[in-house]
Amino acid sequence: MLNRRLFLQMSGASLAATLAASGVAFAGAPTDSRFVFIFLRGGLDGLHALIPYADSDFQRLRPRLAPGAEDRLDLDGYFALHASLGGLMPLWQAGELALIPAATTRYRNRSHFDGQNLLENGTARPFGARDGWLSRAILGLNAGDRRLGLTLGPSLPLILQGGAPVQAWTNGQLPDLDEDFLTRLAIVYRDDPLFAQALGNATNSPEPMMGANPPDNGFLLSATAAADLLSRPEGPRIAVMDLNGWDTHANQTGRLRGLLDLLARGILTLREGLGAEWSRTVVMVASEFGRTAAENGGGGTDHGTGGLALLAGGAVRGGRILGDWPGLSPTALNDERDVRAVNAYEAIFKSVLIGHLGLDPGYAERVVFPDSGLLEPFTGLLRV
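Anyway, here's the lowdown on the structure attached to this text. (Residues numbered from 1 in each chain as written. Predicted model: local features only at pLDDT ≥ 70, side-chain atom pairs only at ≥ 80, totals over all residues. Heavy atoms only, no water.)

**Structural notes on the overall build of the protein**
Just so we agree on the cut-off: Only DSSP runs of H or I with at least four residues qualify as helices, and only runs of E with at least two residues qualify as strands; both kinds are numbered from the N terminus onward. Throughout this description, buried means an accessible area under 20% of the type-specific maximum (1.4 Å probe, protein chains only), exposed means over 50%, and partly exposed covers the range between. We call two residues contacting when some pair of their heavy atoms lies within 4.5 Å. Only the protein chains shown count as cover for residues, and the accessible areas themselves come from Shrake-Rupley with a 1.4 Å probe.
From N to C terminus, the protein includes 13 helices and 13 strands. For the protein, buried positions account for 54% of its 384 residues. In the protein, once contacts between residues fewer than 6 apart in sequence are set aside, the share between residues at least 24 apart is 76%. Element-wise, carbon and sulfur atoms account for 53% of the exposed surface of the protein, whose accessible area totals about 15500 Å².

Structure representation (structure tokens):
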């Protein structure tokens, strides 16, 4: 049982206090396999992270935004990894990194709130359940054990809300303001000259705004703590981490350069900290949806559909681009604007739960993802 006192003993009160603002959650399960889910909130542009540079329509859709040759690391002659994710290339070469383009949930609209809720509740519609699919899975994995998990942060993420016991800990600190929030605030008040000027002066000031995020929003510290706890025999087996800032309507090139580098460093931090347990680990990275295939007029992209799933770990059968790829021709796009989603997150989740963590397939179908009977588990993803 991992309780607050044990966590403080293992990691120190100051470390836990910092984590409380950064968003990481843990849960127990009777298995030696580890699973880390990293939620990129805001809508990652999958075409910027995994670049289909050889697609004849890519440059047409993104004449200014398409990464140049200096920002691409070729993977297979068609797709390239963005250079800011270059720290992950040793994982690719070791067969411990897999990428699945044109992937998302069954959600087909473009609301952050609805898309995140559907991804976390595990049904076919926003607010289709009041608990999270990972909470339901933990109950099935624990087989009545009901060991406590631990969440650190101002709130328990929906994905872990429900019947599985998860103990919350927070330092009571208000959450930081991120760039997405400030951008939306500027849009709301753009017609108010007084407020717009004040906000602009504050955000462009060399002095940081009160409450503004530190450079990494505590993400690397979260990864360090997650690896430390997951690697311990008495520790949890499942962790959920959040990384915000992916709503790149403007200045996408600059913003994603830093965010993708931070994501790569977080994954490498997990690998280093897990040590020998990395061989029994799956790290999955996903976002609520992708973004438009074409760039917008502000140097960014807008809310879209098909995105990207990234999986890393010693238990991943990687070094490959997996799944189907619809292409970027006008007839291939969804609503003539988005990457068509042809690879379902839910199928990937099923594969991890069943093939990696040992969840009963029937339970996964009936309870964890009750509306996904036609979605077979994603094949060829895991080492056996």
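Now that the structure is up, let's keep going.
**Comments concerning the side chain of Ser287**
Mapping Ser287 onto the fold places it in strand β10 (residues 281–287). The buried category is assigned to Ser287, whose relative accessible area is 2%. Beyond its immediate chain neighbours, meaning those up to four positions away, Ser287 contacts Phe39, Leu40, Gly42, Gly43, Leu44, Leu119 and Tyr345.

**A look at the pairing of strand β2 (residues 34–41)**
This is how the line gets drawn: Whether two strands pair comes down to DSSP finding at least two bridges between them.
Among the eight residues of β2, eight are classified as buried, and the element is accordingly described as predominantly covered. Going residue by residue along β2, you find Arg34, Val36, Ile38 and Leu40 tucked away on one face and Phe35, Phe37, Phe39 and Arg41 tucked away on the opposite face as well. Where β2 and β10 come together, seven bridges link them in parallel fashion. Following the sheet pairing, Ile38 is matched in β10 by Val285. Here β2 pairs with strand β9 (residues 238–244) via seven bridges, running parallel.

**Section: empty space enclosed by the protein**
Heads up, the rule is: Put simply, the grid is 1 Å and covers the protein atoms alone, a cavity is a trapped set of points that fit a 1.4 Å probe, a pocket is an open set with protein on both sides within 12 Å along at least five of seven lines, and lining residues have an atom within 4 Å of a point. Grid points are joined across faces, edges and corners, and a volume is the space filled by probe spheres set on the points. In this classification, Asp, Glu, Lys and Arg are treated as charged, Ala, Val, Leu, Ile, Met, Phe, Trp, Tyr, Cys and Pro as nonpolar, and every other residue, Gly included, as polar.
Taken as a whole, this structure holds two cavities of 30 Å³ or more when the rule is applied. Its volume calculated, the largest cavity comes out at about 60 Å³. Together, Asp45, Gly46, Leu47, Leu50, Pro101, Ala102, Gly306, Gly307, Leu308, Trp325 and Val339 line the largest cavity. If you list the elements that add at least two residues to the lining of the largest cavity, you get α3 (46–49), β6 (97–104) and β11 (307–312). Looking at the lining of the largest cavity residue by residue, the class counts come to seven nonpolar, three polar and one charged. Roughly 30 Å³ of volume is contained in the second largest cavity. What lines the second largest cavity is Leu40, Leu44, Ala49, Leu85, Leu260, Leu263, Val285, Leu308 and Leu310. Secondary structure elements with two or more residues in the lining of the second largest cavity: α11 (252–274) and β11.

**Overview of the sheet that holds strand β4 (residues 72–74)**
An order of β3-β5-β4 is seen for the three strands of this open sheet, with the pairing classed as antiparallel. Of all strands in the sheet, those bounded by a partner on one side alone are β3 (50–51) and β4. Direction of pairing for β3 relative to strand β5 (residues 80–82): antiparallel, over a ladder of two bridges. Bridge pairing in β5 places Ile51 opposite Ala80.

**Re the packing of helix α7 (residues 133–142) against helix α13 (residues 361–368)**
The condition is simple: Where helices are involved, their axes are fitted lines through C-alpha atoms of the stretch in contact, as for all axes, and angles between N-to-C directions lie from 0 to 180°. Roughly parallel here means an angle under 35 degrees, roughly antiparallel means over 145, roughly perpendicular means 65 to 115, and every remaining angle is called oblique. For any helix crossing, the convention is left-handed if the near helix is rotated counterclockwise from the far helix by under a right angle, and right-handed if that rotation is clockwise.
The N-to-C vectors of α7 and α13 enclose an angle of 140°; their axes lie 10 Å apart at closest approach. Our classification of the angle between α7 and α13 gives oblique. Considering the relative orientation of α7 and α13, their crossing is right-handed. Of the residues in α13, those in contact with Trp133, Arg136, Ala137, Leu139 and Gly140 of α7 are Tyr363, Val367 and Val368. Of the residues assigned to the contact of α7 with α13, the class counts are six nonpolar, one polar and one charged.

**Brief notes about α7**
The periodicity of an α-helix, 3.6 residues per turn, causes residues three or four positions apart to be oriented the same way. For α7, a buried count of eight out of 10 residues is recorded, marking the element as mostly surrounded by other parts of the structure. Buried residues of α7: Trp133, Leu134, Ser135, Arg136, Ala137, Ile138, Leu141 and Asn142, and no others.

**Looking at the nonpolar core**
Put simply, the test is: Among buried residues, the Ala, Val, Leu, Ile, Met, Phe, Trp, Tyr and Cys ones that are joined through side-chain atoms within 4.5 Å form a nonpolar core.
Membership of the largest hydrophobic core comes to 42 residues, with the highest contact counts inside it found for Ile38, Leu99, Leu263, Ile267 and Leu270. For this core, the secondary structure elements donating two or more residues are β2, α5 (89–93), β6, α10 (219–230), β9, α11, β10 and β11. For this core, the element with the highest residue contribution is α11, accounting for nine residues.

**Side note on the packing of aromatic side chains**
Rules: Centres within 6.5 Å make a pair out of two Phe, Tyr or Trp rings, where for Trp the six-membered ring is used; the pair is then stacked when the planes are under 30 degrees apart, edge-to-face when over 60, and tilted otherwise.
For the structure on display, the rule yields eight aromatic pairs. Note on Phe349 and Phe369: the rings are 6.1 Å apart at their centroids and 10° apart in plane angle, and the pair reads as stacked. Placement of the pair is Phe349 in helix α12 (residues 345–356) and Phe369 in the segment after α13, with a sequence separation of 20 residues. Taking relative accessible area as the criterion, Phe369 reaches 1% and is therefore assigned buried. In this structure an aromatic cluster arises from ring pairing among Phe37, Phe39, Trp133, Tyr345, Phe349 and Phe369.

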